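Structural overview
For reference, the chains in residue letters:
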Amino acid sequence: MRSKWIVILSCILGLTALAPLARAEEKKEKEENEVQVKFADLPPAVQATLNKASNNAAIATVDKETEDGKTTYEADVKLDGKNYEVKVAEDGSLISKKIDDDDKDEKDDKK
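Our focus in this paragraph is the sheet that holds strand β4 (residues 82-89). Taking strand neighbours across the sheet as the criterion, the five strands line up as β1-β2-β3-β4-β5 in an open arrangement whose pairing is antiparallel. In the strand order of this sheet, the two ends are held by β1 (34-38) and β5 (94-99), each with one partner. Averaged over all neighbouring strand pairs, the angle between strand axes comes to 25°, with direction disregarded. The sheet contact formed by strand β3 (residues 70-79) and β4 spans eight bridges and is antiparallel. Opposite Val-77, over in β4, you have Tyr-84 as the bridge partner. Against the sheet, helix α2 (residues 44-53) makes contact with β2 (61-67), β3, β4 and β5, and its axis sits at roughly 155° relative to β4, the strand it touches most.

Encoded structure:
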């Protein structure tokens with residue numbers, strides 16, 4: 001009976017240890033579709049939307065991602081001491097603006 005619980009506990013610990021590796025692999029796959037682009041090289045509509053969404057914060061580079069034939073642009077900006085991820089479509093429409101949870105996840109992984 002005792003050995004059964006040891007096996008179960010070992011399996012649980014093993015699966016828990018693999019979770020960060022799965023997240024890292026998912027992030028790596030996502031980044032393979034991304035190319036960094038200078039802000040000045042973006043389409044004017046994308047520049048305008050990023051400027052508006054970031055309150056004209058300085059943006060040096062933007063990730064350009066093409067998936068299923070659709071191009072999106074993603075920029076990380078700091079507003080009011082918080083990191084935000086802003087996604088914009090190729091036509092300049094705002095897709096999303098949210099607090100960047102990736103930074104929080106990376107800090108949690110380092111603990």
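Formed by 15 residues in total, the largest nonpolar core has its most connected members in Leu-42, Leu-50, Ile-59 and Val-62. If you list the elements that add at least two residues to this core, you get α2, β3 and β4. In terms of residue count, the dominant contributor to this core is β3 (four residues). Leu-50 has contacts with Phe-39, Leu-42, Ile-59, Val-62, Ala-75, Val-86 and Val-88, leaving out every residue within four places of it along the chain.

On to the pairing of β2. For β1 and β2, the ladder comprises five bridges, and the chain directions are antiparallel. Residue pairing across strands places Val-35 opposite Lys-64, the latter belonging to β2. When β2 meets β3, the two strands line up antiparallel, connected through five bridges. Directly across from Thr-66, in β3, lies its bridge partner Thr-71. With antiparallel pairing between neighbouring strands as the criterion, β2 and β3 make up a hairpin whose turn holds two residues, including Asp-68 at a positive phi of roughly 55°.

Conventions we followed
Residues numbered from 1 in each chain as written. Predicted model: local features only at pLDDT ≥ 70, side-chain atom pairs only at ≥ 80, totals over all residues. Heavy atoms only, no water. Pairing = 2+ DSSP bridges. Helix = DSSP H or I, 4+ residues; strand = E, 2+ residues; numbered from the N terminus. Axes fitted to C-alpha atoms, helices over the stretch in contact; angles between N-to-C directions. Contact = heavy atoms within 4.5 Å. Core = buried A, V, L, I, M, F, W, Y, C linked by side-chain atoms within 4.5 Å. Buried < 20%, exposed > 50% of the residue type's maximum accessible area, 1.4 Å probe, protein only.

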